[in-house]
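Chain residues, written in single-letter form:
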Amino acid sequence: MTACVAIKVDGGIVLASDSRTNAGVDYVRTYSKMHTFNWPGDRTLVILTSGNLATTQAVINRVNHDLDDKNADFNLRKAKKLFEIAHYIGSINQQEQAEHAKAFKDNHKTLEANFIVGGQIGEEEDDIYLVYPEGNYITVSPETPYMQIGETKYGKPILDRIITPKTSLNDAARCALVSLDSTMRSNVSVGPPLELAIYTANSLTEPRYTKIDLSTPLFTDIQNRWAEGLQQAFQNLPRFDWED
């Protein structure tokens, strides 16, 4: 399972992901689900992945291959709009699924993969897109300025209550970490290390990046303060009429 979240606020974009791809009693495997591409002054792009690991790896490999191929019809550097990259990722995703679908049709395994594409190209506004396995995609709205892929239900409530376009970039980053922490507490298949990228709007520079595990002091402090705050808020709830 996977948990990835991307948040767009007026100050820029926050992207966060876990790294767990397999969790069993005696076997845990991790793999980075965040892929960053930056050409300073021109464009900054971050791609988050979830779903079938072979499919996501194949898509990212194709993206890198096309960047190295001078004769490629399209690649990340040739796009003029961010939605073109969302369309491009969706097309590759469909191709990779179709190529292996016949071999997998009888073993009940899914080849589906989801992607989040975030970043900025030139003077265009920064944005984030969620790309579905079918190849289509959607972007955020002022009412819902975030996207999730993978395990979404446990980390969604904090995003709904806190995030608005006016939320500061650093507060959005803290919210993303709380969202992932809430998910990890309820689903063992989501786990560290976590990756966090913070892109400042119109900077066209590489995002501020940090890798976080359970022993990282900042993350431990966030976990403890959030848990204590929830306990205190619960204790402060109104009493029933029949309580002393």
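Our subject is the structure listed above.
Residues numbered from 1 in each chain as written. Predicted model: local features only at pLDDT ≥ 70, side-chain atom pairs only at ≥ 80, totals over all residues. Heavy atoms only, no water.

Trainee: Which residues make up the packing of aromatic side chains, and what are the values?
Mentor: Considering all chains together, one arrives at three aromatic pairs under this definition. Ring geometry for Phe74 against Tyr88: centres 5.0 Å apart, planes inclined by 55°, an arrangement best described as tilted. With a gap of 14 residues between them, Phe74 in the loop between helix H1 (53-68) and helix H2 (82-104) and Tyr88 in helix H2 connect regions that are remote in the sequence. Accessibility expressed as a relative area gives 24% for Phe74, which makes it partly exposed. Judged by its relative accessible area of 9%, Tyr88 is buried. (Phe/Tyr/Trp six-rings, centres within 6.5 Å; stacked < 30°, edge-to-face > 60°. Helix = DSSP H or I, 4+ residues; strand = E, 2+ residues; numbered from the N terminus. Buried < 20%, exposed > 50% of the residue type's maximum accessible area, 1.4 Å probe, protein only.)

Trainee: Requested: an account of the side chain of Asp181, with residues and values cited.
Mentor: One can find Asp181 in helix H4 (residues 169-186). Asp181 gets classed as buried once you look at its relative accessible area, which sits at 4%.

Trainee: Break down the state of the cysteines for me, with residues and values.
Mentor: Note on terminology: disulfide describes a covalent bond linking the sulfur atoms of two cysteines. Following the criterion strictly, the structure yields zero disulfides and no others. The closest cysteine sulfur to the non-disulfide-bonded Cys4 is located on Cys175, 16 Å from its own sulfur. Classification of Cys4 by relative accessible area gives buried; the value is 2%. (Disulfide = S-S within 2.5 Å.)

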